[in-house]
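Coordinate inspection notes
Next come the chains, spelled out residue by residue.
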There are 2 protein chains.
Amino acid sequence: MSGYKRHIFVCTNQRSPDDPRGSCSKLGSEALHARFKQEAKRLDLKDVVRANKAGCLDHCAEGPSVVIYPEGVWYGAVTVGDVDEIFRSHVLGGQPVERLRLAHMR
Amino acid sequence: MSGYKRHIFVCTNQRSPDDPRGSCSKLGSEALHARFKQEAKRLDLKDVVRANKAGCLDHCAEGPSVVIYPEGVWYGAVTVGDVDEIFRSHVLGGQPVERLRLAHMR
């Protein structure tokens with residue numbers, strides 16, 4: 001292989017429950033990462049797409065945050081229910097899901 | 001800002017000490033991540049370069065592994081002593097450090 005066609009990074013940063021900044025983990029990003037990983041496996045894309053956990057991506061207030069390379073497209077407030085659309089449109093089709101993009105990271 | 005000029009992901013995956021696969025964390029990748037982060041701060045590149053921890057990047061035997069986007073250049077066996085060169089040549093200059101690249105990920 002020569003690198004992934006799409007490399008998905010899901011922020012799974014954790015903070016203490018009383019931290020006012022919150023965290024992506026608290027917003028359900030562990031399940032989100034698992035869902036991305038499961039979808040790559042289901043579609044038999046092991047050497048084509050990889051879904052990784054990442055440390056803090058610095059968009060805690062808009063989490064769970066996800067960035068997909070090589071495009072460097074940033075998404076915020078992503079839910080497990082959005083994974084199918086992100087996979088179909090962006091990961092496989094190359095078309096970012098506009099409604100989920102972080103406006104200031106375009 | 002509109003995304004990072006370079007986004008550095010350092011595998012900091014941990015496994016139990018007796019796992020035959022080893023892990024990047026065991027090979028010193030936490031210190032490596034800290035050094036990348038420190039260098040970005042020292043050069044005042046907060047909005048330009050980000051160094052993140054990542055889960056398993058699937059090159060455990062060649063770790064610590066690092067991937068830098070948007071190029072998608074993969075490095076293996078990176079040491080703290082390599083960070084200056086990677087920063088100067090690749091992160092700032094756009095020229096990957098050939099001697100550290102994972103040959104099968106080109």
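Above this text sits the structure in question.
Residues numbered from 1 in each chain as written. Chains lettered and ligands numbered in written order. Predicted model: local features only at pLDDT ≥ 70, side-chain atom pairs only at ≥ 80, totals over all residues. Heavy atoms only, no water.

**Some remarks on the state of the cysteines**
Convention followed: By convention in this document, the label disulfide applies to cysteine sulfur atom pairs within 2.5 Å. Type-normalised accessible area, obtained with a 1.4 Å probe on protein chains alone, sets the label of each residue: buried when under 20%, exposed when over 50%, and partly exposed for intermediate values.
Counted by the stated rule, this structure contains 0 disulfides over all chains. Here Cys-24 of chain A stays free of any disulfide, with the sulfur of Cys-11 of chain A as its closest cysteine sulfur at 3.7 Å. Of all cysteine sulfurs, the one in Cys-60 of chain B lies closest to Cys-56 of chain B, which takes part in no disulfide; the gap is 3.9 Å. What makes Cys-56 of chain B buried here is its relative accessible area of 16%.

**A few points about the packing of aromatic side chains**
The description of an aromatic ring pair rests on the distance of the ring centres and on the angle between the ring planes. Here is the rule we go by: Ring geometry is summarised as follows: Phe, Tyr and Trp rings, the Trp one being its six-membered ring, pair when their centres sit within 6.5 Å, and such pairs are stacked at plane angles under 30 degrees, edge-to-face over 60 and tilted between the two. Strands are runs of DSSP state E lasting at least 2 residues, helices are runs of H or I lasting at least 4, and numbering of each runs from the N terminus.
Within this structure, the stated rule accounts for 8 aromatic pairs over all chains. Taken together, a centroid distance of 3.6 Å and an interplanar angle of 5° make the contact between Phe-9 of chain A and Phe-9 of chain B stacked. In this pair, Phe-9 of chain A is assigned in strand E1 (residues 6–11) and Phe-9 of chain B in strand E1 (residues 6–11), connecting two distinct chains. Exposure class is identical for Phe-9 of chain A and Phe-9 of chain B. Each is buried. In textbook terms, an aromatic cluster arises when at least three aromatic residues are bridged by ring pairs, as seen for Phe-9 and Tyr-69 of chain A together with Phe-9 and Tyr-69 of chain B.

**Description of the interface of chain B and chain A**
Formally: When checking whether two residues touch, look at their non-hydrogen atoms; a contact exists if any pair is within 4.5 Å. The term buried area means the drop in 1.4 Å probe accessible area that two parts suffer when joined, counted for both and summed. Take a side-chain nitrogen of Lys or Arg and a carboxyl oxygen of Asp or Glu: if they are within 4 Å of each other, that pair is a salt bridge. For this analysis, a polar contact is any N or O atom pair within 3.5 Å, provided that within protein one partner can donate a hydrogen and the other can accept it, and provided that sequence-adjacent residues contribute only side-chain to side-chain pairs.
Counting residues at the interface gives 22 residues for chain B, matched by 22 residues for chain A. Roughly 1,700 Å² is buried in total at the junction of chain B and chain A, and carbon and sulfur atoms are behind 52% of that figure. Among the residues chain B hides against chain A, the three largest losses belong to Arg-50, Tyr-69 and Met-105 of chain B. Together they make up 24% of the total. At the junction of chain B and chain A, the tally comes to 4 salt bridges. Between Asp-58 of chain A and Lys-46 of chain B there is a salt bridge, with its nearest N and O atoms 3.9 Å apart. Remark: the boundary between chain B and chain A carries 10 residue pairs in polar contact (both at pLDDT 80 or more).

**Topic: the pairing of E1 of chain A**
Residues and elements named next belong to chain A. Threshold: We call two strands paired when DSSP finds no fewer than two bridges between them. Assignment of crossover handedness uses the view with strands pointing away from the viewer, where a clockwise path from the first strand over the helix to the second indicates a right-handed crossover.
In terms of burial, E1 is a largely internal element, 6 of the 6 residues being buried. Along E1, one buried face is formed by Arg-6, Ile-8 and Val-10 and the opposite face, lined by His-7, Phe-9 and Cys-11, is buried too. With 6 bridges connecting them, E1 and strand E2 (residues 49–54) associate as parallel partners. Residue pairing for E2: Arg-6 is matched across the bridge by Val-49. Handedness of the E1-helix H1 (residues 29–42)-E2 crossover: right-handed. Examined bridge by bridge, E1 and strand E3 (residues 66–69) share 4 bridges and lie antiparallel to one another. Residue pairing for E3: Phe-9 is matched across the bridge by Val-67.

**A look at the relation of the copies chain B and chain A**
Our working definition: Least squares is the method used to superpose the copies, on C-alpha atoms of residues holding a pLDDT of at least 70 in both.
The two copies are related by a screw operation: chain B maps onto chain A through 180° of rotation and 0.0 Å of translation along the axis, at an RMSD of 0.0 Å. Both chain copies can therefore be described as sitting about a two-fold axis. Of the residues that chain B buries at the interface, 100% are likewise interface residues in chain A, meaning the two copies contact each other through the same surface.

**Some points on the pattern of salt bridges**
Pairs may arise between side chains of opposite charge once their charged atoms sit close together. In total, this model carries 24 salt bridges over all chains according to the counting rule given. The salt bridge involving Arg-42 of chain A is made with Glu-39 of chain A; its shortest N-O contact spans 2.8 Å. Of this pair, Arg-42 of chain A and Glu-39 of chain A both sit in helix H1, 3 residues apart, which is roughly one turn of that helix. A residue is classified by how much of its surface remains accessible, and Arg-42 of chain A, at 58% relative accessible area, is exposed. Ionic pairing is found between Asp-58 of chain A and Arg-50 of chain B, a salt bridge with its closest N-O pair at 3.8 Å.

**Concerning unusual backbone geometry**
Of the consecutive residues Gly-63 of chain A and Pro-64 of chain A, the connecting peptide bond is found in the cis state with omega at -5°. You can see Pro-64 of chain A is positioned in the loop between E2 and E3. Located in the positive-phi region is Ala-77 of chain A, a residue other than glycine, with phi close to 50°. A positive phi angle is found at Asp-44 of chain B, which is not glycine, with a value near 60°. With respect to the helices and strands, Asp-44 of chain B occurs in the loop between helix H1 (29–42) and strand E2 (49–54). A relative accessible area of 67% places Asp-44 of chain B in the exposed class.

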